[in-house]
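A closer look at the structure
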Protein chains: 2
Amino acid sequence: MANILMFGTGSIGAVYTCILDKGGANVTCVCRSNYQEINENGIEVTSTVLGKLCSRPKVVQSVQEAVTLPEQPYDYVFVCTKVIPKTMKQTLEALHAVLKSGATTIVLIQNGLGIEKPYADAYPSATIISGVVYLPTTEIAPGVFLHEEVERLHLGLYGSSTSTSSHSRLESLATIIRNGGGTAVVEEDIQRQRWQKIIANGAVNTICALSKCRDRQLMDLSPLGTPLIKNVMLEIAAVAEVAGYADVAGAEAVENQLQRSLSRPYPGVQPSMLADVFNGKPLEVEAILGEIVRVGLSKQVSIPRLETLLVLLQGLDAYLYNQRADDAR
Amino acid sequence: MANILMFGTGSIGAVYTCILDKGGANVTCVCRSNYQEINENGIEVTSTVLGKLCSRPKVVQSVQEAVTLPEQPYDYVFVCTKVIPKTMKQTLEALHAVLKSGATTIVLIQNGLGIEKPYADAYPSATIISGVVYLPTTEIAPGVFLHEEVERLHLGLYGSSTSTSSHSRLESLATIIRNGGGTAVVEEDIQRQRWQKIIANGAVNTICALSKCRDRQLMDLSPLGTPLIKNVMLEIAAVAEVAGYADVAGAEAVENQLQRSLSRPYPGVQPSMLADVFNGKPLEVEAILGEIVRVGLSKQVSIPRLETLLVLLQGLDAYLYNQRADDAR
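Cut-offs and rules
Position numbers for residues start from 1 in each chain and track the written sequence from start to end. Chain letters and ligand numbers both follow the written order, the letters beginning at A and the numbers at 1. Residues qualify for local features only when their pLDDT is at least 70, as the model is predicted, and side-chain atom pairs are given and counted only at 80 or more; totals for whole chains, interfaces and linings, by contrast, use all residues. Side-chain measures here rest on the full set of heavy atoms in the structure, leaving out hydrogens and waters. UniProt positions are given in the numbering used here, feature names are shortened, and annotations may be inferred rather than shown by experiment. Throughout this description, buried means an accessible area under 20% of the type-specific maximum (1.4 Å probe, protein chains only), exposed means over 50%, and partly exposed covers the range between. In this text, helices come from DSSP runs of H or I with a minimum length of four residues, and strands from runs of E with a minimum of two, each type numbered from the N-terminal end. For two strands to count as paired, DSSP must find a minimum of two bridges between them. Axis geometry follows a simple rule: fit a line to the C-alpha atoms, using only the stretch in contact for helices, then measure angles between N-to-C directions, giving values from 0 to 180 degrees. The contact criterion used throughout is that any non-hydrogen atoms of two residues lie within 4.5 Å.

Within an unreviewed UniProt entry, the label attached to chain A reads 2-dehydropantoate 2-reductase, and the organism entered is Cyphellophora attinorum. The annotation that UniProt attaches to chain A under Catalytic activity (unreviewed entry) is "(R)-pantoate + NADP(+) = 2-dehydropantoate + NADPH + H(+)". According to UniProt, the comment filed for chain A under the heading Function (unreviewed entry) is "Catalyzes the NADPH-dependent reduction of ketopantoate into pantoic acid."

With that settled, the discussion passes to the pairing of strand β3 (residues 43–47) of chain B. All names here are of chain B. Taking every second residue as pointing to the same face, the buried face of β3 carries Ile43, Val45 and Ser47, while none of Glu44 and Thr46 on the other face is buried. Pairing of β3 with strand β4 (residues 51–55), which is carried by five bridges, proceeds in the antiparallel orientation. Bridge pairing in β4 places Val45 opposite Leu53. Connecting β3 to the antiparallel partner β4 that follows it, the hairpin turn spans three residues. Two elements, β3 and strand β10 (residues 144–147), share four bridges in a ladder whose sense is parallel. In the sheet register, Val45 faces β10, and the bridge partner there is Phe145.

Residue and element names in this part refer to chain B. Spatially, the eight strands line up as an open sheet ordered β5-β2-β1-β6-β7-β8-β11-β12, and their pairing is mixed. In the strand order of this sheet, the two ends are held by β5 (58–60) and β12 (184–186), each with one partner. Strand after strand, the sheet turns through a mean of 25° between neighbouring axes, direction not considered. Pairing of strand β2 (residues 26–30) with β5, which is carried by three bridges, proceeds in the parallel orientation. Looking across to β5, one finds that Thr28 is bridged to Lys58. The sheet strands contacting helix α7 (residues 164–179) are β1 (3–7), β6 (76–79), β7 (105–109), β8 (128–134), β11 (152–157) and β12, and the helix crosses β11 at an angle near 170°.

A word on the UniProt feature "domain: Ketopantoate reductase N-terminal" (unreviewed entry) in chain A. The positions that UniProt labels "domain: Ketopantoate reductase N-terminal" (unreviewed entry) are, in the present scheme, residues 4–157 of chain A. Between the first and last C-alpha atoms of residues 4–157 of chain A the distance is 18 Å; the span itself is 28% helix and 34% strand.

For the rest of this paragraph, the subject is the environment of Val144 of chain A. All names here are of chain A. Its place among the elements puts Val144 in strand β10 (residues 144–147). Linking Val144 and Leu69, residues 75 residues apart in sequence, is a C-alpha distance of 26 Å. Those residues in contact with Val144 that sit more than four places away from it in its chain are Glu44, Thr138 and Glu139.

Structure, rendered in structure tokens:
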């Protein structure tokens, strides 16, 4: 029975706790804001795709506490937190107690590009599984989640961790997820999936966060709304091309993603970054836009709109950070 | 003695009420939020440039009330309100009672480009004086104002209203302002001043409003901050060039304005549009950016950053509008 540590038991972490549990793994969750509720009542997911899911995992408040349990060493540690540079150092340090043995595989189920590098730099000999997930989920009460529309997890090995042992860890994990009713797609090159997802995510998420409008709302509001979303997607596609991903993140992907936004019923979706703005939470600016802009600029790709969005979001994120600091006083 | 109606007695309207009063005019102010205080105590301006200014103008709550006073017909009606398309129709209708006689000259002391056209369309035979003002002023309490740094008003005739009579109305007004201690510069082509001012205003004001950072703050925060502000200014300059204003709004003006922002002490100024965002007030999006983008697109100028800022601000303004509507419920 695989021992799994779940670091970050928000929406994504909670749904995968249920799936992994059902698939036969022994899951321990690190919880913060919802610790008490999950400790008392477990996790409850109502899913329009997977039906009702429940789990009563072991619950701890810190990684330090998790490594005192008899489960260790953990076979896998899932990192399902948001990608925030300011807290990355803390996360890497917190995970040290789990990862020092070398027996534990890191599984990153996170948004954006370039997110694996800090882990690879800090733990060069660890196996890193990178995951791209489609799983629209909301925590409607502490420990209670609503999941809709789509469920799919793409998994692949990161960088040089491509030994036979790494491959077999990847395959074993995919099997547990499938046994738990989830869709695990093993990828030869997981970065293809990252680029494919960022086409829509890098455009709609960021534009909505700054305008405080949902996608369809903005498209209806201004005759320049739809062209802007399309042009931002095309700039991302131009960067994807120099990165070698034109086949999955090219003009066709742009057209598909644009039609998805256009065909949504009014007012459209509230992307995660817009929700974060409304909640005054940190924005995943660097993971979602920073890396694209860095790649684009280093290869002299013309990305005026992406640069504009990046600076505006860096400013907005700093403003929200200062607001939180004020509120904490 | 010239009779002047002041429509919009915010910061700009209040300071000019004092100056016009001191210059020998008979000023009637239309006040809304600060009606009671100005009616009881008059206007008080503390200015680091002009010293202490006071005025006890006649105060009314509406244009309708103003036209029942013995002062009418007014020689000039100053419009010192923000330029908000949603309220433009109301303003034009409200002013009808003053303007129907044809004896009254319209004086627009407002931000942006293309702001005169709705007045010229509605009152084709009226003399329109267009004013570009540099007057950083804040209302620190109802009827009490703080003015700093610079005081300068550029005045010129708009469009076809260039008869001898129009010229003499313009010169008379400039004389009153000068007599009142103000700086009135009569311009052959006032649009030059509008383009010159919009270089900084169109860039810094809009970028700050979206990022919620002051100018120096954003420049320090992101290595891409200063290049963004500069590139947005250069896009405005490119539009100014096709509009025939390269001499006042070209590369040299961009460099000057950028150095002004860079040389400000940290964290820099809070531009009016950022203040409006914080206060949930309507944004002057169309006057400040809409017209530049319309001119630019009609002449095939490449303005990707301006288009991006415009759509984001249109969205943000709609969001703020809906918030106000919710609050009013």
